[in-house]
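Close look at the chain arrangement
Each chain, letter by letter, is given below.
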Amino acid sequence: MAILALDQGQTKTVALLLSKDGGILGTGWAGGASHFKDGLAKASEKMQEAAEKALADAGLAQKEIEQVCGGIAAANWPEEVEMLRAELKRVFYVEKADVVNDCVIALRAGTDSDNAIVLCTGSGMNSAVFVNGKPELVYNNYIDLCDQGSEGLGARAFQTVFESHMGCRPSTSLTGRLMDHFGIHEMDRLMLAFYRNRLPKPLKDVAQIVFEEAAHNEPAALEIIYRFGKSISRYVTGAVERFGVDPAEFRVILTGGVFKNENPLLCETVCSQIHRVYANIRIEQAFYEPIIGAAFMALDELGPKNDDAHRRCKEEARKRGLVRY
């Protein structure tokens, strides 16, 4: 019998089949989806597609899945979690299915500390806080658009281009880059498409343009990255203050595709802004991909923590390249 771990975000869906002793039996990938943006049917379809590929990789049949653990995008409110749990039970014919927000498994993949916070910046952005081994807070829908990972960087770029067009700031190469990227060369039409959510290409794609221009020392692009890093660092300092944890015992985990960028400015800004307030906090880039966090959580559900199972899972994750660097 096997355990199915799932990681679904807006960019991709990952499935992993796991034995109870921590062995990785198979993996599979599919496109990303969110029940909130794309509907439950599409989100479920992508999870099933990734699971089918993992089953094929493992040489197993679906009936051999006995437990599912999913870290799923937009699993924000209790009714959404219950809806997703019911869907996993239905499509995989299991009695036990656990659902958490995808940032929770990202945190679990980054540390086993009882006191920790994750800044998970992919297409969107979310943050989870663990205190004394319990999940105390997931920021969910409280996060502003301008902090929403790649989409947030894209929104900030549009604001910068608009301000430049209005003469409120110097001209920037981002203007031409955005116009060329979207094939819209009139500012009014471009901004209208942005504000009406009718851009012909995903907003998250703009983040790569920002990083490319920053690599050429474009001042506006560098400022966007700096302000983004400064803004999201507040989720960490705010959590320390809210829950009264000892900063020396608190771990900050950075994960998600945005933090994989080679430009050092974002990571350095986040670290410096946090350390300006709490100098003794330990900040780390997550080593394992979030899907391994789902695997760890599934293993934990089996009973008292099995160090041998976790160790084997980590070893096989490294062999399969399920690491971030």
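See the structure printed just above.
If you're wondering where the values come from, they're calculated on a predicted model, not measured in any experiment.

**With respect to the overall build of the chain**
The helix and strand tally for the chain stands at 13 helices and ten strands. Here the C-alpha coordinates of the chain stretch approximately 65 × 45 × 35 Å along the principal axes. Across the 325 residues in the chain, those meeting the buried criterion constitute 55%. Of all intrachain contacts in the chain linking residues separated by at least 6 positions in sequence, the fraction that spans at least 24 positions is 68%. Looking at the chain, you have 37 positive and 44 negative side-chain charges, and the mean spots of the two groups are 1 Å apart.

**Let's talk about the nonpolar core**
Membership of the largest hydrophobic core comes to 54 residues, with the highest contact counts inside it found for Leu 119, Phe 158, Leu 190 and Ile 281. Leaving out residues up to four positions away in the same chain, Leu 190 has contacts with Phe 158, Leu 178, Met 179, Phe 182, Ile 184 and Leu 199. In this structure, Ile 3, Ala 5, Ala 317 and Leu 322 belong to the second largest nonpolar core, which totals 34 residues.

**Details of the sheet that holds strand β4 (residues 65-72)**
The sheet built from five strands is open, its strands ordered β3-β2-β1-β4-β5 with mixed pairing. Pairing within the sheet leaves two strands with one partner each, and these edge strands are β3 (24-31) and β5 (96-101). Across the sheet, the axes of successive neighbouring strands diverge by a mean angle of 15°, strand direction being ignored. Both β4 and β5 contribute to a ladder of six bridges, which runs parallel. Bridging from a neighbouring strand, Gly 71 pairs with Val 100 of β5. Its contacts with the sheet place helix α2 (residues 40-58) against β1 (2-8), β2 (12-18), β3 and β4, and it is angled at close to 145° to β3. Sheet strands in contact with helix α3 (residues 78-92) are β1, β4 and β5, and its direction is about 140° off that of β5.

**Quick word on the pattern of salt bridges**
Pairing is possible between side chains that carry opposite charge, provided their charged atoms lie close to one another. Inspection of every chain in the model, using the stated rule, returns 23 salt bridges. One salt bridge connects Glu 87 with Arg 90, and the closest N-O pair in it is separated by 2.9 Å. Placement of both Glu 87 and Arg 90 in helix α3 is noted, with a separation of three residues, approximately one turn of the helix. By relative accessible area, which is 10% here, Glu 87 ends up buried. The salt bridge involving Asp 147 is made with Arg 156; its shortest N-O contact spans 3.0 Å. Sharing partners across several salt bridges, the network here consists of Glu 163, Arg 169, Glu 223 and Arg 227.

**Quick look at the packing of aromatic side chains**
Two aromatic rings, taken as a pair, are described by how far apart their centres are and by the angle between their planes. Summed over the entire model, instances satisfying the criterion amount to eight aromatic pairs. Relative to Tyr 142, the ring of Trp 77 has its centre 6.1 Å away and its plane inclined at 80°; by these criteria the two rings are edge-to-face. Here Tyr 142 lies in the loop between β8 (134-138) and α5 (149-165) and Trp 77 lies in the loop between β4 and α3, a separation of 65 residues in the sequence. The exposure class of Trp 77 is partly exposed, given its relative accessible area of 31%. Between Phe 287 and Tyr 288, the aromatic rings sit 4.9 Å apart at their centres with planes inclined by 85°, giving edge-to-face as the arrangement. Phe 287 sits in the partly exposed class, given a relative accessible area of 28%.

**Here we look at the environment of Arg 198**
Checked against the element boundaries, Arg 198 lands in the loop between α7 (187-195) and α8 (206-215). Residue classification places Arg 198 among the exposed residues on the basis of a relative accessible area of 61%.

**Some thoughts on the environment of Glu 223**
With respect to the helices and strands, the residue Glu 223 is situated in helix α9 (residues 219-232). C-alpha of Glu 223 to C-alpha of Ile 143: the two residues are 80 residues apart in sequence and 20 Å apart in space.

**What about helix α10 (residues 234-243)?**
Turning to α10, its buried residues number three or more, namely Tyr 235, Val 236, Thr 237, Ala 239 and Val 240. Contacts from the buried residues of α10 go to β6 (116-121), β7 (125-131), α9, β9 (251-255) and α11 (265-277). Count one or two residues on from α10 and you reach Gly 244, which has phi positive near 60°.

**Here we look at the packing of α5 against α7**
As a packed pair, α5 and α7 sit with axes 11 Å apart at the nearest point and diverge in direction by 150°. Judged on the interaxial angle alone, α7 and α5 are roughly antiparallel. Remark: the crossing between α5 and α7 carries left-handed chirality. On α7, the residues touching Ala 155, Phe 158, Gln 159, Val 161, Phe 162 and His 165 of α5 are Met 187, Leu 190, Met 191, Phe 194 and Tyr 195.

**A look at unusual backbone geometry**
Notably, Tyr 93 is not glycine yet its phi reads approximately 55°, a positive angle. Position of Tyr 93 among the secondary structure elements: in the loop between α3 and β5.

Conventions used here
Residue positions are given per chain, counted from 1 along the sequence in the order it is written. Given that the model is predicted, a residue must reach a pLDDT of at least 70 before its local features are reported, and side-chain atom pairs must reach 80 or more before they are shown or counted; all residues, however, enter totals for whole chains, interfaces and linings. Hydrogens and water molecules were not included; the side-chain quantities draw on all heavy atoms of the structure. In this text, helices come from DSSP runs of H or I with a minimum length of four residues, and strands from runs of E with a minimum of two, each type numbered from the N-terminal end. Relative accessibility under 20% of the residue-type maximum defines a buried residue, over 50% an exposed one, and the middle range a partly exposed one, all with a 1.4 Å probe and only protein chains included. We call two residues in contact when some of their heavy atoms are within 4.5 Å. Counted as positive: Lys and Arg. Counted as negative: Asp and Glu, with His and the chain ends omitted from the count. Taken as the charge location is NZ of Lys, CZ of Arg, CG of Asp or CD of Glu. Working definition of a nonpolar core: buried Ala, Val, Leu, Ile, Met, Phe, Trp, Tyr and Cys residues. They are joined through side-chain atoms within 4.5 Å. Strands qualify as paired when DSSP identifies two bridges or more between them. A fitted line through C-alpha atoms represents every axis, and for helices the fit uses only the stretch in contact; the resulting angles, taken between N-to-C directions, go from 0 to 180 degrees. Whenever a carboxyl oxygen of Asp or Glu lies within 4 Å of a side-chain nitrogen of Lys or Arg, that contact is scored as a salt bridge. Any two of the Phe, Tyr and Trp rings considered here, Trp counted by its six-membered ring, make a pair once their centres fall within 6.5 Å; the pair's planes then place it as stacked at under 30 degrees, edge-to-face at over 60, or tilted in between. Should an angle fall under 35 degrees it is taken as roughly parallel, and over 145 as roughly antiparallel, whereas 65 to 115 is taken as roughly perpendicular and any remaining angle as oblique. Should the near helix be turned anticlockwise from the far one by less than a right angle, the crossing is left-handed, and should it be turned clockwise, the crossing is right-handed.

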